Amino acid sequence: MRFEGKSAIVTGAASGIGRAVAVRLAREGARVVIGDRNAEGLAETAAMIGEAAQAQPFDVADPAACAQIVAATVERHGRLDVLCNIAGVLDMAPVADFTVERWQRMIGVNLGGVFFMSQAALPHLVETRGCIVNMASAAGLVGVPYNAGYVASKHGVVGLTKAMALEFCNTGVRINAVCPGGVNTPLIAAPSAPGVDWAQVMRSAGWLNEGAKAEPEDIADTVAFLASKEARMITGIAMPVDGGQTAG
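Residues numbered from 1 in each chain as written. Predicted model: local features only at pLDDT ≥ 70, side-chain atom pairs only at ≥ 80, totals over all residues. Heavy atoms only, no water.

Within the chain, the regular secondary structure consists of eight helices and seven strands. Computed over its C-alpha atoms, the radius of gyration of the chain comes to 17 Å, within 12% of the 18 Å expected for a compact globule of 248 residues. In terms of its C-alpha atoms, the chain occupies a principal-axis envelope of roughly 50 × 35 × 30 Å. In the chain, of all internal contacts separated by at least 6 residues, the share reaching a separation of at least 24 is 72%. Only carbon and sulfur atoms are counted for the fraction: they give 55% of the accessible area of the chain, which is about 11,000 Å². Side chains of the chain give 19 positive and 23 negative charges; the mean places of these two sets differ by 6 Å. (Helix = DSSP H or I, 4+ residues; strand = E, 2+ residues; numbered from the N terminus. Rg over C-alpha atoms; globule rule 2.2 N^0.38 Å. Contact = heavy atoms within 4.5 Å. Areas by Shrake-Rupley, 256 points an atom, 1.4 Å probe, with all protein chains shown as cover. Lys, Arg positive; Asp, Glu negative; His and termini not counted. Charge placed at Lys NZ, Arg CZ, Asp CG, Glu CD.)

Here it is, written out as structure tokens:
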């Protein structure tokens with residue numbers, strides 16, 4: 001019960017890693033506000049958690065919506081201790097085919113969402129000496145072909161995490177990122193776009209354990225650790241959870 005009496009926000013909670021993180025924090029005692037664009041999936045997650053969860057559909061790419069979910073959480077629970085920025089999108093395509101709209105959506109959700117949620121939450125986290133855990137990716141540490149937008153956005157999350165960690169290190173707020181490799185989620189199960197050489201993608205992003213993917217709960221384990229007091233001396237890191245993908 002590492003999060004008993006604490007209040008948390010988890011974005012991207014309608015499925016995959018976000019759902020696993022929300023369930024894990026609630027199981028350890030947190031009161032969890034869960035957000036996602038997918039209202040139906042969000043309701044399913046809330047039903048899994050029970051009365052400890054409050055679902056709020058919203059779009060992390062909208063700064064006003066980010067500010068609103070933070071304000072609603074503080075109004076409801078009187079405090080905010082943990083922010084888990086898990087929401088993200090994956091859009092694979094050759095560079096030549098990647099439209100302005102696709103680029104802006106990728107950066108808006110994967111990077112803008114992390115920034116605007118953090119910006120809204122940080123004043124409250126300073127009060128509670130709380131923490132932020134951002135979801136980056138192994139693609140935030142190395143390159144992956146046909147993923148220029150995704151790789152750029154996740155490298156941005158790693159850099160943003162480090163910059164904010166340094167800015168707030170004297171306030172008691174810790175800010176870290178998790179960098180998963182392949183995870184068995186709906187995001188990675190989506191069909192490839194035309195023109196994508198999947199074999200080349202796999203060669204550059206292969207996993208040492210014969211291509212096996214992690215489960216969302218494996219990543220939730222790491223998020224819960226970084227959000228807990230056990231990680232009280234850890235801030236500003238980008239922790240790989242990738243089966244060795246970025247080891248060499």
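Relative to the 42 Å expected for 29 residues at 1.5 Å per residue, helix α4 (residues 100-128) spans 40 Å between its end C-alpha atoms, a close match to the ideal helical length. Roughly 45° is the biggest bend found in α4, and it falls at Leu 122, with proline Pro 123 one to four residues downstream. Of all the positions in α4, only Met 106, Val 109, Asn 110, Gly 112, Gly 113, Val 114, Met 117, Ser 118, Ala 120, Ala 121, Leu 122 and Leu 125 are classed as buried. Buried residues along α4 sit against β1 (7-11), α3 (63-77), β4 (82-85), β5 (131-135), α5 (148-168) and β6 (174-180). Looking at the residues trailing α4, positive phi occurs at Arg 129, about 50°. (Expected span 1.5 Å × (residues − 1). Bend = angle between axes of the 7 residues up to and from the residue. Buried < 20%, exposed > 50% of the residue type's maximum accessible area, 1.4 Å probe, protein only.)

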